[in-house]
Structures are given as C-alpha cells and as structure tokens.
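# Architecture at a glance
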Amino acid sequence: MFENIVSPVLWLGGMGLVFGGLLAYAAKKFEVAQDPKVEQVRAALPGANCGACGYAGCDDMAAAVARGEVKANVCPSMSLERLAVVSDILGTDAGNIDRQKAVIMCGGVGEKSKRKFKYQGVKDCREAMVAMQGDKVCEFGCMGYGTCKKACVFDAIHIDHETGRVYVDESQCTGCGACEKVCPKKIIKRVPINSRVHVFCKTNRKGKEAREVCTAACIGCGLCAKECKFDAITMVDNLAVIDFEKCVNCGACVKKCPTGAIHKD
Amino acid sequence: MNLILIVVGAVLINNFVLVKFLGICPFLGVSKKVETAIGMGAAVIFVMTLASAITYVVQYAILEKFDIAYLQTIAFILVIAALVQFVELVIKKISPSLYQALGVYLPLITTNCAVLGAAILNIQNEYNFIESIVFGAAAAVGFTLAIVLFAAIRERMEYSPIPKALQGFPIALITASLMSIAFMGFSGMI
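Residues numbered from 1 in each chain as written. Chains lettered and ligands numbered in written order. Predicted model: local features only at pLDDT ≥ 70, side-chain atom pairs only at ≥ 80, totals over all residues. Heavy atoms only, no water.

### Focus on the interface of chain A and chain B
Note the threshold: Every residue pair with non-hydrogen atoms within 4.5 Å of one another is taken to be in contact. Defined in terms of a 1.4 Å probe, buried area is the accessible area two parts forfeit on being brought together, summed over both. Salt bridge, as used here, is a side-chain nitrogen of Lys or Arg placed within 4 Å of a carboxyl oxygen of Asp or Glu. Between N or O atoms, a polar contact is any pair within 3.5 Å; within protein, one atom must be a potential hydrogen donor and the other a potential acceptor, and residues adjacent in sequence are included only when both atoms are from side chains. Here the term charged refers only to Asp, Glu, Lys and Arg, the term nonpolar to Ala, Val, Leu, Ile, Met, Phe, Trp, Tyr, Cys and Pro, and the term polar to all other amino acids, Gly among them.
At the interface, 14 residues of chain A touch 17 residues of chain B. When chain A packs against chain B, the two sides together hide about 1400 Å² of surface, and 88% of this comes from carbon and sulfur. At the junction of chain A with chain B, the criterion picks out zero salt bridges. Linking chain A with chain B are zero residue pairs in polar contact (both at pLDDT 80 or more), by the criterion used here. Its residues placed into classes, the side of chain A that touches chain B shows ten nonpolar, three polar and one charged.

Encoded structure:
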C-alpha cells in the first residue's frame with residue numbers, strides 16, 4: 001500500500017525535478033543575451049494583445065519598438081504616462097498620441113426604437129443580422145446583444161439590464177477599436193477621449209421617416225447646426241455631424257435637439 | 001528489411017495525420033503556407049526522433065523496472081515537454097537562424113499528440129531501440145509529407161473560386177478528408 005503510493009510519487013517527482021534542474025541549468029548555460037529594452041518596453045505596454053498596432057501581440061510590438069522600427073504610439077491603447085515610460089527606456093521620443101474612446105452611436109434603446117419582430121436566436125448581433133438584417137427597424141439601430149461587449153478585452157463595454165442600453169465605460173476604454181470591427185451595424189465610432197457631446201444616431205432617413213422608426217433619431221432638422229456658435233456641426237445626409245476639432249463641449253445643441261439625439265455625458 | 005517496412009508503414013500506410021488522425025491541430029493550424037509547413041515538419045522530425053529515443057529509455061529503464069508502467073502517459077508528456085523546452089533553448093543558442101525558422105513552432109510541438117502517439121506506439125509495437133528511433137523519425141516524415149502537401153493545396157485554394165459558405169476552414173477540412181481517403185489507397189501495400 002505504502003509502496004504503491006510512495007514509489008510512483010518519488011519516481012515521477014524525481015523525474016520532474018531532474019528535468020526541471022536540467023532545464024534550469026540549460027537556461028543558464030545556453031542563455032542568449034537579449035536586448036533588455038525589449039522586456040522593459042514590454043512591461044510598459046498594456047499587455048492585452050489586442051493586435052490593434054498591427055503586430056502579433058504585445059511581445060512582437062515591444063521587439064519592434066526596441067529595434068527602433070516603430071514608435072510606441074502605434075499602440076492605440078497607450079496612455080501618456082506609459083508613453084513617457086517608453087521614452088525614458090529608449091531615450092528617444094516615443095511620440096504623442098491622440099487618445100480615443102469608443103462611443104456607440106445609437107440612442108434608440110427600449111421602447112424608443114421599433115423592432116421588426118421578436119428575435120429569439122443566439123444572443124449575438126452578428127447572428128441576429130442573419131435574420132432579416134437584424135430585428136431593429138432602423139438599420140443603424142443598436143440591437144443590444146452585446147457582440148461588442150464580448151470583443152472588448154478591457155471590460156469597458158457594459159449592458160444596462162434595465163434599459164437594455166449598451167454603453168462604453170470611458171475610464172476603461174483604451175480606444176483599441178476591437179468593438180468597432182465586430183459591430184455588424186457599424187455604429188461604434190472612436191472619438192477623441194475628451195469629447196463630451198455626441199449625436200447618438202447614425203440614420204440617414206429623412207425627418208418624418210426617422211421619427212416613425214425611432215423617437216430618439218436625428219431627424220435632420222438642423223437646429224443644432226444653427227445653434228452652434230463654433231460652426232462645429234454640419235448636416236450631412238440628414239444627419240448632424242460634430243467636428244471634434246471645433247466642438248468645445250458647451251452643450252448648447254443638446255438643449256435645442258427636439259428628439260434628444262444629441263446628448264452630453 | 002524490417003526497418004524498411006517500418007519506414008514505409010509509418011510514412012505512407014499508417015500516416016499519422018491522414019490515417020491515424022494524430023497531430024491534427026498543427027496540421028490544420030500551421031498549413032497555410034508551404035514554407036511554414038516545412039518549418040513545422042522539420043521541427044516535428046527533430047523532436048519526434050529525439051523523443052522516441054528518450055521515451056524508450058524512460059520506459060524500460062524506469063517505468064518497467066519499478067513497476068510503474070501505468071504512469072506511462074504522464075511520464076512521457078513530462079519527457080516530451082521538457083525535451084521541447086530544452087531543444088528550444090539549445091537551438092536559440094547554437095543556431096539563431098534555425099531558431100528564427102522553427103522557434104514559433106517548437107512550443108506548439110509540446111502539445112502535439114503525434115509525438116506522444118509515436119512514443120506510445122513504439123512501446124505497444126514492442127520495437128527495440130533502433131526500431132523505435134526509425135519509427136519516430138519515419139512517422140514525423142509522414143507528418144511532414146502530409147502537412148506540406150496539404151499546405152500546397154491550401155495555397156492553390158487561396159486563388160480558387162470557392163463558394164462563400166465553404167471558404168476558409170470548411171474547405172480545408174473537406175480537403176483534409178479527401179487526402180485521407182487518398183492515403184487509404186496505400187493500405188494493404190505491405
């Protein structure tokens with residue numbers, strides 16, 4: 001009995017120990033001097049391996065940055081502090097970055113926006129699109145099945161279970177754009193991190209039509225464009241578009257919008 | 001004569017991938033380009049030959065001697081994992097260019113069931129030391145043959161008009177099964 005347990009434990013443990021020891025020894029013996037900067041840069045990267053930089057993960061990008069191929073600001077998820085760290089490590093300017101955040105450009109939640117039918121399939125927006133281009137009457141309407149939430153590696157997208165609204169937690173969002181890519185309705189857009197006022201609608205329908213489909217739609221009335229003192233809003237295809245270079249986040253347009261499509265957070 | 005039979009048997013008749021269905025994961029994963037397929041194949045040949053030799057020693061010098069043959073699977077996995085790590089370290093030091101070519105695939109082999117399969121089949125078939133090594137190497141050559149052929153077909157398919165529903169993995173799986181059927185033609189050769 002005793003023998004049956006102890007002997008295999010000893011042998012297997014012993015083998016593990018011997019192999020482990022050999023590997024440890026080999027790791028020292030065959031050590032290849034690697035540029036220590038690679039590891040330091042790697043530590044300064046966000047480490048989500050989101051691939052937004054175009055390299056195969058953070059390790060790959062760190063190697064490229066250390067070789068001087070690219071600046072660290074190719075990573076859209078870098079913060080200014082992290083960039084400063086990389087600058088310190090390499091002794092060169094790591095470049096500046098326009099931090100962005102994702103915004104889901106749809107305000108048509110719950111009762112506001114009509115649905116064509118009751119969708120009972122897999123809870124995934126891309127799956128829902130297979131059934132008659134989704135269950136929303138509006139082709140730009142967020143269906144709320146959370147495909148973007150699943151795509152987010154930073155846990156920045158949440159679904160409000162009471163209203164069904166899908167929203168981005170600004171403090172968590174790094175602007176990597178993973179959600180933008182998976183959204184089948186293409187209603188997620190990345191905007192400058194300090195922008196506050198957005199048009200939560202992407203529809204190109206004319207006023208009356210848009211109103212019939214969704215009470216929170218932009219009806220293209222142009223009141224906001226007239227109200228804006230900074231010429232930051234232009235009307236493009238029945239839709240108000242905010243120029244973030246000019247917008248000062250005053251919120252004057254928010255008060256004028258008859259449907260509440262523009263709001264400030 | 002026996003050795004030749006083992007080689008032919010392992011490469012063609014009992015091809016690991018297409019007949020025994022071992023090592024399907026790298027077969028599907030690393031077969032988009034012929035070049036990378038050759039890299040993977042070379043790494044597998046290297047590791048499988050070494051693993052066959054070492055697991056043979058472990059089996060008869062440790063496991064059988066001390067009546068713990070039932071630990072075969074876990075002991076072999078341990079051996080293979082350690083071996084792959086060791087090989088990676090050595091190659092990194094000795095030949096950086098080989099490391100560049102094989103480096104990415106080596107860790108993948110740790111979990112390649114074909115390597116474990118070869119080690120266990122050696123014991124089951126009661127091969128001696130030389131036969132084990134030859135069988136391991138031949139099986140790996142068979143794996144390489146299959147993956148390189150498959151990669152070449154997949155490269156051609158990139159430019160073929162494939163129905164949208166079948167593009168990518170579906171057509172790859174269908175191709176693999178057709179290749180498997182083709183390799184069945186070798187059965188009965190010996």
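More follows now that the structure is in view.
### Describing the nonpolar core
Just so we agree on the cut-off: The term nonpolar core refers to a set of buried residues drawn from Ala, Val, Leu, Ile, Met, Phe, Trp, Tyr and Cys, joined through side-chain atoms within 4.5 Å. Buried means the residue's accessible area, taken with a 1.4 Å probe over protein chains only, is under 20% of the maximum for its type, while exposed means over 50%, and partly exposed covers the values in between. Here a strand is any run of E in DSSP of at least two residues, a helix any run of H or I of at least four, and the numbering for each starts at the N terminus.
Phe16(B), Phe27(B), Met40(B), Met48(B), Phe76(B), Leu106(B) and Ile109(B) are the most contacted members of the largest nonpolar core, which totals 58 residues. Ranked by residue count, the leading element in this core is helix 3 (residues 34-63) of chain B, at ten residues. Setting aside residues up to four positions removed in sequence, Met40(B) forms contacts with Pro26(B), Val30(B), Tyr105(B), Leu108(B), Ile109(B), Phe143(B) and Ile147(B). Counting 23 residues, the second-largest nonpolar core is a separate cluster that includes Val197(A), Val199(A), Ala217(A) and Leu239(A).

### Comments concerning the pattern of salt bridges
Residues and elements named next belong to chain A. Taken as a whole and assessed by the stated rule, the structure comprises ten salt bridges over all chains. For the salt bridge of glutamate 69 with arginine 67, the shortest nitrogen-to-oxygen distance reads 2.9 Å. The exposed category is assigned to arginine 67, whose relative accessible area is 55%. Here glutamate 212 makes a salt bridge to lysine 208, at a shortest N to O gap of 3.2 Å. Remark: lysine 208 and glutamate 212 occur in helix 8 (residues 207-213); sequence separation between them is four residues, near one turn of the helix. Residue glutamate 212 is classed as partly exposed on the basis of its relative accessible area, which comes to 44%. Under the relative-accessibility criterion, lysine 208 is labelled exposed at 64%. Salt bridges here are not isolated pairs; linked through shared partners, they connect Lys101, Glu170 and Arg196.

### Quick look at unusual backbone geometry
Residue and element names in this part refer to chain A. Of note, the phi angle at aspartate 155 is positive, near 55 degrees, even though the residue is not glycine. You will see that aspartate 231, though not glycine, has its phi angle at about 55 degrees, which is positive. As for its position among the elements, aspartate 231 is in the loop between helix 9 (223-227) and strand 6 (233-236). With a relative accessible area of 55%, aspartate 231 lands in the exposed category.

### Considering the environment of Ala69(B)
Inspection of the secondary structure assignment puts Ala69(B) in the loop between helix 3 and helix 4 (72-94). Residues Ala69(B) and Gln59(B), ten residues apart in the sequence, show an inter-C-alpha distance of 7.3 Å.

### Describing helix 2 (residues 36-44) of chain A
An α-helical turn contains 3.6 residues, so any two residues separated by three or four positions project in the same direction. Residues and elements named next belong to chain A. Short version of the rule: Think of the arc as the fan of directions from the helix axis to the C-beta atoms.
Taken residue by residue, helix 2 has Val38, Val41 and Ala44 as its buried positions. Buried residues of helix 2 fall within an arc of 125 degrees about the axis and therefore sit on the same side. Opposite the packed face of helix 2, turned more than 90 degrees from it, sit the exposed residues Pro36, Glu39 and Ala43. Here the buried face of helix 2 lies against helix 3 (57-67) and helix 4 (80-90).

### A look at the environment of Phe66(B)
The topology assignment puts Phe66(B) in the loop between helix 3 and helix 4. The class for Phe66(B) is partly exposed, based on a relative accessible area of 37%. Apart from the residues lying within four places of it in its own chain, the contact partners of Phe66(B) are Ser7(A), Trp11(A) and Ala61(B).

### Some thoughts on the side chain of His198(A)
All names here are of chain A. Inspection of the secondary structure puts histidine 198 in strand 5 (residues 197-199). The class of histidine 198 is buried, set by a relative accessible area of 1%. Excluding residues within four positions of it along the chain, histidine 198 makes contact with Lys101, Val103, Met105, Val191, Ile242, Phe244, Ala261, Ile262, His263 and Asp265.

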